[in-house]
Amino acid sequence: MISKQVFIRTVYFYVIAYVVLLMVILGLMYVYPKPELHMLLNCHHSSIQDTFFKYYSLLAEWPLYALALLPLLWKKIKITIFFAMCELTGGAILQILKHIISTDRPVSVFENYQDLVLPLVQGVTMYHSNSFPSGHASTFFMFCTCCTIFLAYHYSRMDQSRNIGTRILFDMSLLLLLVLATMGAYSRVYLSQHFLSDVCVGSIIGFVTPFLMFYLCRDKILNNNKQI
């Protein structure tokens, strides 16, 4: 069993990197009006990017859930339970916000701007309502943050954790997870399914929920060596 202090020291790189990213996003949202910022983030489209983000975004619809079931093959059921708890909790918060706030999606908002042509990707079904916050962004960050928590938990228990090379490799793994989550969130902006503010709040839900669940349930979920 590891202490909270040890776990925090292990996962701080991921947390700091996300906070820096969040500050940059909030800065952009403060400087630019929503429609102008959306066009700025969509000013460079290409056929390769269209194809990549079109299919990368789909990972949040079922492939990530399928990956969360893989630990069951090794009888590590509590990993899957932890992800399910996080996703259900975060999903409930997200759906409540979606239906209470109920904002229009970019394709509807830009109908009022005759001088701005919204870049769209062929073959993508566009949605018009319940834009805030982004469920896809939440799922991407939920999955990657859950992976971060389990990696950090096991890394904290390793004897070689003081080795500088191992530490660098571990931190780069956490950074890669953050990059993958960020790309998933950005794909929703690139596809004009959401504004940056939508994916920003979605990412916060996906980032905070696993840490909250870890804090509340770590003794039951994470400290059984036979299950983890």
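Residues numbered from 1 in each chain as written. Predicted model: local features only at pLDDT ≥ 70, side-chain atom pairs only at ≥ 80, totals over all residues. Heavy atoms only, no water.

1. Observations concerning the overall build of the protein chain
Point 1. On a plain count of helices and strands, the protein chain comes out with nine helices and zero strands.
Point 2. For 228 residues, the compact-globule estimate of 2.2 N^0.38 gives 17 Å, and the C-alpha radius of gyration of the protein chain, at 19 Å, lies within 12% of that figure.
Point 3. Oriented by its inertia axes, the alpha-carbon framework of the protein chain measures out at about 60 × 35 × 30 Å.
Point 4. Looking at the 228 residues of the protein chain, the share that counts as buried comes to 45%.
Point 5. Of the contacts formed within the protein chain by residues at least 6 apart in sequence, a portion of 87% connects residues at least 24 apart.
Point 6. On the protein chain, roughly 12200 Å² of surface is accessible, and the fraction owed to carbon and sulfur atoms is 68%.
Point 7. Of the side-chain charges in the protein chain, 16 are positive and 11 negative, and the distance between the mean point of each set is 19 Å. (Helix = DSSP H or I, 4+ residues; strand = E, 2+ residues; numbered from the N terminus. Rg over C-alpha atoms; globule rule 2.2 N^0.38 Å. Buried < 20%, exposed > 50% of the residue type's maximum accessible area, 1.4 Å probe, protein only. Contact = heavy atoms within 4.5 Å. Areas by Shrake-Rupley, 256 points an atom, 1.4 Å probe, with all protein chains shown as cover. Lys, Arg positive; Asp, Glu negative; His and termini not counted. Charge placed at Lys NZ, Arg CZ, Asp CG, Glu CD.)

2. Section: the environment of V109
Point 1. Assignment of secondary structure puts V109 in helix α6 (residues 106–109).
Point 2. Sequence separation between V109 and M126 is 17 residues, and the spatial gap between their C-alpha atoms is 13 Å.
Point 3. Among all residues touching V109, those that are not within four sequence positions of it are D104 and F195.

3. Regarding the environment of H99
Point 1. Residue placement: H99 occurs in helix α5 (residues 77–101).
Point 2. Along the chain, H99 and F132 lie 33 residues apart, while their C-alpha atoms are 8.8 Å from each other.

4. Re the packing of aromatic side chains
Point 1. Under the definition given, this model contains 16 aromatic pairs.
Point 2. Consider the rings of Y56 and F140, whose centres lie 5.5 Å apart with planes at 5°: the pair is stacked. With a gap of 84 residues between them, Y56 in helix α3 (residues 47–56) and F140 in helix α7 (residues 135–156) connect regions that are remote in the sequence.
Point 3. A residue is classified by how much of its surface remains accessible, and F140, at 2% relative accessible area, is buried. (Phe/Tyr/Trp six-rings, centres within 6.5 Å; stacked < 30°, edge-to-face > 60°.)

5. A closer look at unusual backbone geometry
Point 1. In the segment running from F132 into P133, the intervening peptide bond is cis, with an omega of -10°.
Point 2. Take P133: it is sitting in the loop between α6 and α7.
Point 3. For N130, which is not glycine, the phi dihedral falls at a positive 55°.
Point 4. Examined against the element boundaries, N130 turns out to sit in the loop between α6 and α7.

Note that every value here comes from positions in space, so none of it alone points to a role or purpose.
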